[in-house]
2 protein chains.
Amino acid sequence: MSAWLEEVAWNEEGLVPAIAQEVHTGQVLMLAWMNREALETTLQSGHAVYWSRSRQRLWHKGEQSGHEQVVKAIHLDCDHDAVLLLVEQKGDIACHTGRHRCFFKRLEKGNWTSVEPVLKHPNSIYGKSG
Amino acid sequence: MSAWLEEVAWNEEGLVPAIAQEVHTGQVLMLAWMNREALETTLQSGHAVYWSRSRQRLWHKGEQSGHEQVVKAIHLDCDHDAVLLLVEQKGDIACHTGRHRCFFKRLEKGNWTSVEPVLKHPNSIYGKSG
């Protein structure tokens, strides 16, 4: 096991939160989770690989949509329990809703309001389901 | 209880991860955690209030250091389980190490390497301990 991997303060489930920030705009695209294998694979492949908590498996970002994230740098915070990826977002769409990023809701007068447009309909990204 | 608070997908501990991003530079400063009271207090006060998991209490960011975060906007992600704050960082120091931000380590050739300077020694921020 690589020493740098063991320096991460993995939680009791063996996970760490990972923020993806777009390198050329500075926009925070999403927050996902990684386990050791996801982080190691991310470094080795140069593409973001997360741990899907809902599907309980490695999730190569963009595996279905083609919207991969090319990883330019990996940062760790002071107490080693959060990771920040600087990425180049393929297709300009990080969110499964077809928006540029997942943080498209903003609190306005007591309501979470969608403030960013759908760039591509999810059906045309993922194909219509049966 | 406010409806918008209940729309957040709180985890089994009643917490949600909250990313603080500096509004004028776009830099990701830190990731911390919030419970309902922290998020509600953040909205009401206009200053970032987190839940300290180590101290198990509300943590008004900057309560000791003076390095408060003025909150300009609060975003939520597509599946409602991560919050993004756009903040103005008082004193230009978000990290308890005296650096601008907590994500000051970068993975370089298999080592987490500090790549950002200490702007102010922690002793002069928090006072020397006895």
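Residues numbered from 1 in each chain as written. Chains lettered and ligands numbered in written order. Predicted model: local features only at pLDDT ≥ 70, side-chain atom pairs only at ≥ 80, totals over all residues. Heavy atoms only, no water.

Moving on: the relation of the copies chain A and chain B. Note on the copies: chain A fits chain B at an RMSD of 0.0 Å, the axial shift is 0.0 Å, and the rotation between them is 180 degrees. Taken together, the rotation angle and the small translation identify this as a two-fold axis. Considering only C-alpha atoms, the residue of chain A closest to the rotation axis is Gly26(A), which sits at 2.7 Å. When you check the interface residues of chain A against chain B, 100% turn up at the interface there too, and the contact is symmetric in its surfaces. (Least-squares fit on C-alpha atoms with pLDDT ≥ 70 in both. Contact = heavy atoms within 4.5 Å.)

Our next topic: the side chain of His100(A). Residues and elements named next belong to chain A. For histidine 100, the position within the fold is in the loop between strand E6 (83-89) and strand E7 (105-108). Judged by relative accessible area, which is 15%, histidine 100 ranks as buried. A distance of 2.7 Å separates the side chain of histidine 100 from the backbone oxygen of aspartate 92, its partner in a polar contact. Those residues in contact with histidine 100 that sit more than four places away from it in its chain are Glu22, Gln27, Leu29, Asp92, Ile93, Ala94, Cys95 and Leu119. (Helix = DSSP H or I, 4+ residues; strand = E, 2+ residues; numbered from the N terminus. Buried < 20%, exposed > 50% of the residue type's maximum accessible area, 1.4 Å probe, protein only. Polar contact = N/O pair within 3.5 Å; in protein donor to acceptor, adjacent residues only side chain to side chain.)

A separate point is the pairing of strand E5 (residues 69-76) of chain B. Residues and elements named next belong to chain B. Where burial is concerned, most of E5 is hidden: 7 out of the 8 residues are buried. Bridge count for E5 against strand E6 (residues 83-89) is 7 bridges, and the pairing is antiparallel. Opposite valine 71, over in E6, you have valine 87 as the bridge partner. Linking two consecutive strands that pair antiparallel, namely E5 and E6, is a turn of 6 residues; a positive phi of about 65 degrees is found at histidine 80 within it. (Pairing = 2+ DSSP bridges.)

This part covers the environment of Asp92(A). Residue and element names in this part refer to chain A. Within the secondary structure, aspartate 92 is located in the loop between E6 and E7. In this structure, the C-alpha to C-alpha distance between aspartate 92 and glutamate 22, residues 70 residues apart in sequence, is 9.6 Å. Setting aside anything within four residues of it in sequence, one finds aspartate 92 in contact with Glu22, His100 and Leu119.

Turning our attention to the interface of chain A and chain B. Contacts between the two partners involve 37 residues from chain A, matched on the other side by 37 residues from chain B. Both sides of the chain A and chain B interface together cover about 3200 Å² of buried area, and 69% of this is carbon and sulfur. Per-residue buried area on chain A facing chain B is highest for Cys78(A), Phe103(A) and Trp112(A); these three make up 22% of the total on that side. At the boundary of chain A and chain B, one finds 2 salt bridges. A salt bridge links Arg53(A) to Asp81(B), with the shortest nitrogen-to-oxygen separation between them at 3.1 Å. Where chain A packs against chain B, one counts 18 residue pairs in polar contact (both at pLDDT 80 or more). (Buried area = accessible area lost by both parts, 1.4 Å probe. Salt bridge = Lys/Arg side-chain N within 4 Å of Asp/Glu carboxyl O.)

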